[in-house]
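Structural description and commentary
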Amino acid sequence: MYAPKLADTMRCPHSAIPEPTGLCIVTVGNSLRGDDGIAVALCDNLPERVLNGACRFDLGTYTNRLGECLHGHKAAIIIDSTCDGLSPGSVTIIDLNVMLDGQSTNIRSTHGFSVIDELKIVRETDRLPNRLIFFGVEIGEVNWKEEISPALNKKLPQLVSNLSFLVERILEALRKNA
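Residues numbered from 1 in each chain as written. Predicted model: local features only at pLDDT ≥ 70, side-chain atom pairs only at ≥ 80, totals over all residues. Heavy atoms only, no water.

**Digging into the packing of aromatic side chains**
A complete count under the given rule lists zero aromatic pairs for this structure. Taking NZ or CZ as reference, Arg-33 lies 4.3 Å from the ring centre of Trp-144, over its face. Over the face of the ring belonging to Phe-165 we find Arg-169, whose NZ or CZ atom lies 4.7 Å from the ring centre. (Phe/Tyr/Trp six-rings, centres within 6.5 Å; stacked < 30°, edge-to-face > 60°. Lys NZ or Arg CZ within 6 Å of the ring centre and 35° of its normal.)

**Some remarks on the sheet that holds strand S1 (residues 23-28)**
Hydrogen bonding along the main chain pairs the strands of a sheet, whether they run parallel or antiparallel. The five strands lie next to each other as S2-S1-S3-S5-S4, forming an open sheet whose pairing is mixed. Across the chains shown, the open sheet's two edge strands, defined by having one partner strand only, are strand S2 (54-60) and strand S4 (91-95). Neighbour-to-neighbour, the strand axes of this sheet turn through a mean angle of 20 degrees, independent of strand direction. As defined by bridge partners, strand S3 (residues 75-82) adjoins strand S5 (residues 131-138) across eight bridges and the pair is classed as parallel. Paired with Ala-76 across the bridge in S5 is Leu-132. Helix H7 (residues 150-176) contacts S1, S3, S4 and S5 of the sheet and is inclined by roughly 175 degrees relative to S5. (Pairing = 2+ DSSP bridges. Helix = DSSP H or I, 4+ residues; strand = E, 2+ residues; numbered from the N terminus. Axes fitted to C-alpha atoms, helices over the stretch in contact; angles between N-to-C directions. Contact = heavy atoms within 4.5 Å.)

**With respect to the nonpolar core**
Of all hydrophobic cores here, the largest spans 29 residues; its most connected members are Leu-23, Leu-42, Ile-77, Ile-79 and Leu-163. Taken together, the elements giving at least two residues each to this core come down to S1, helix H2 (38-44), helix H3 (48-51), S3, S5 and H7. The element best represented in this core is H7, accounting for 10 residues. If near-sequence neighbours (up to four positions away) are discounted, Leu-23 is found in contact with Gly-53, Ala-54, Cys-55, His-73, Ala-75, Ala-76, Ile-77, Val-167, Ile-170, Leu-171 and Leu-174. (Core = buried A, V, L, I, M, F, W, Y, C linked by side-chain atoms within 4.5 Å. Buried < 20%, exposed > 50% of the residue type's maximum accessible area, 1.4 Å probe, protein only.)

Here's what the structure looks like:
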């Protein structure tokens, strides 16, 4: 994982538009901790045609910058690793707005301060996207290496396909409702 100049990376054309529009994809996770870096690995493998319609932010472990990424977007997908005891590569998709409204409690993550906690803080000071989706990937190994595990790497093509489908459907819905 690297720490880019965060002040430069959190800006996109949507930041200056008064009415929210567009989709942002936010990756969370420490790429120095094996499978915890799955979000970036997954987005790095998305076809360019899928990423063309979205703003991408790689936060690493800097989840406190989540609000800056979400600002000005009508929809967002937050990608992170999960540790729910499922088989590596299992996908969990959650409507985070439902979760924030108290319908559910927690996403088991490898991070101390959860994405839900960060979103609750952001909601106090800024408007969250209308569509807020969590795309969680179950991980197997968290250790000190920069590669994802062979078991998770084997599932990468299917994960890319699943995420591509989700991104394309959200972009299609945004175009229809523009």
